[in-house]
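Here are the chains, one letter per residue:
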Amino acid sequence: MHETGNGTGNGTGNGTGHETGHGTGNETGHGAAHETGHETGHGTAHETGHERSREQNHEQGRAATGHAPWADRAWAAVLERTGQIAAEVGPRFPLYADPETGIWKTTSRGSWTGGFWAGLLWLRALASGAPQDRSAAAACTRRLAHWTDQDTATRGLIFWYGTALAAGPGGDSLAAGLRERAARACLAAYDPERELVPWGEAFGGPRMLARVDSVPGLVPLLADLGTAGERAAYGHLTRHLTLSRTESPPRPAWQAGPDDGWTPCAEPAPGWSRTTPWLLLGLADGLHRLADRLNSRATGALWEAADGLMAPRLAPADRRMSPRLAPADGLTTPRLAPPDWFTAPPLAPAGLPAPFAPAAPLVPPAQEDQPAGPLDTSAAAIESVALLKLAALARATGRGSEAGRLTARARQILHRLCTGHLSARGALTDGCYDAARALAPRHELIWGDFFLAVGLGMLTGRMAPFAT
């Protein structure tokens, strides 16, 4: 299913970085708290208890993350840029923009990135409170319906990020219904023997693939469906963690073979910039959604996986985090039992013990083994959101020093993006769609814009960590 873009050819294709990728009813964006049937925004009528509560939450978020005025300016610039994009693309979906001209390559149906555009429009609508912004966001979300029954694990990215803000703080019942239909379709596609939702055939190529970009979005989407959905979300998450972490650096894609075996795929190659950020994002959402359903051993295994993935990204003195395996407790009998194979220690980078592994750059190259090649700011933006979510979880469980380390790196990433890669028009440049094919190698990418906006919203206290 190739998306045609503005008369310039296919917007995506098999293996060209078409990544697959919880909203809660009360998560808020700045100026958008407690959206029930009415709308609130900067300076609108609801100025009493709700307004004071929103401002207190904002200030608490600011205090927790310690952000500076540069983040406020960048937030405003990204939202202004969202309005510019909307005026340019109309009812179409933006994929990536030329770094010189700012002109967007668009698709008619959104491809795997459609949910990020809908999410950006909802961020703008909730921040502004303007009825016309809300109408534009709601219309965009409705246009995602085409993908509900398409055979692709990218439905996690499309429908989670395209509906979380709409169905949560936006109070959009149509979006909530769309999300549930998509989630049930994904649950129906879950393979209990392989323990995953297959990559699918919608974009061509083999169906039975496991790709890390199918983890984020799909984990919270499935977890919303009760016990069966929670089991599928846990299986999908741990299957991808187990496969990817059998190699170092983690291998992002595997193809199912005979007798329950798996064969490594050549593309995306190990060292792909978005491998670890996607996994960390899925882990954060899994820990948030599933922790109450897991025993201490299973929860501890997920945290250990996060530690292993984070080890090269933290400062050398901070790499070993506090243990998380709680004593066994008869009251925490798991509804989802941890498989025995998911207890291996985190893998160290090849050839180096973990304490001496080189620190990862704030903005990674698109391919780890090509440090002189293009950067990928979108990977950095995704990582910042994952870190802020993990920091919130650590803070909530009394691990303040760990939360501080995670927040510090997220803040450093966002500062680098905003001071080194954000254009005067509010575009996050230097994203790389697909380095192997030289496709949009130094461009503004719509998911980069989205995750930058979410990271800034979280850093400045305008968004709750799990609003999306």
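Going by the structure above, here's the rest.
Given the structure is predicted, the values throughout are model-derived calculations rather than measurements.

Caption draft 1: Inspection of the sheet that holds strand S2 (residues 104-107) at higher detail. Judged by pairing direction, the sheet is antiparallel, and its three strands sit side by side in the order S2-S1-S6 without closing on themselves. The sheet is open, and its two borders are formed by S2 and strand S6 (444-445), each paired with just one other strand. Note that strand S1 (residues 93-97) and S2 share four bridges and pair antiparallel. Within the sheet, the bridge partner assigned to Tyr 96 lies in S2 and is Lys 105.

Caption draft 2: Up close: the sheet that holds strand S5 (residues 262-264). Strand order in this open sheet of three strands is S3-S4-S5, and the pairing throughout is antiparallel. Edge positions in the open sheet fall to strand S3 (209-211) and S5, since each of these has one partner strand only. This sheet shows a mean twist of 30 degrees between the axes of neighbouring strands, independent of strand direction. Here strand S4 (residues 253-256) pairs with S5 via three bridges, running antiparallel. Bridging across to S5, Trp 254 finds its partner in Pro 264. Where helix H8 (residues 226-244) meets the sheet, it contacts S3, S4 and S5, and its direction lies at approximately 85 degrees from that of S3.

Caption draft 3: Representation of unusual backbone geometry. Residues Ser 248 and Pro 249 are joined by a peptide bond in cis, for which omega reads 0 degrees. With respect to the helices and strands, the residue Pro 249 is situated in the loop between H8 and S4. The residue after Glu 267, namely Pro 268, is reached through a cis peptide bond having omega -15 degrees. One can find Pro 268 in the loop between S5 and helix H9 (275-290). Residues other than glycine seldom take positive phi values, yet Ala 438 does so here, at roughly 55 degrees. Note that Ala 438 resides in the loop between helix H12 (400-420) and S6. The residue Ala 440 is not glycine, and still its phi comes out positive at about 45 degrees. In this structure, Ala 440 sits in the loop between H12 and S6. Classification of Ala 440 as buried rests on a relative accessible area of 5%.

Caption draft 4: Just the pattern of salt bridges, in detail. Taken as a whole and judged by the stated rule, the model has 17 salt bridges. The residue Arg 124 makes a salt bridge to Asp 133 at a minimum N-O spacing of 3.5 Å. Taken individually, Arg 124 and Asp 133 each receive the classification buried, so the pair is uniform in this respect. Arg 399 is paired through a salt bridge with Glu 402; the nearest N and O atoms lie 3.9 Å apart. Accessibility classification places Arg 399 together with Glu 402 in one group, the buried group. Taken together, the shared-partner salt bridges connect Glu 267, Asp 434 and Arg 437 into one network.

The rules behind these values
Residues numbered from 1 in each chain as written. Predicted model: local features only at pLDDT ≥ 70, side-chain atom pairs only at ≥ 80, totals over all residues. Heavy atoms only, no water. Pairing = 2+ DSSP bridges. Helix = DSSP H or I, 4+ residues; strand = E, 2+ residues; numbered from the N terminus. Axes fitted to C-alpha atoms, helices over the stretch in contact; angles between N-to-C directions. Contact = heavy atoms within 4.5 Å. Buried < 20%, exposed > 50% of the residue type's maximum accessible area, 1.4 Å probe, protein only. Salt bridge = Lys/Arg side-chain N within 4 Å of Asp/Glu carboxyl O.

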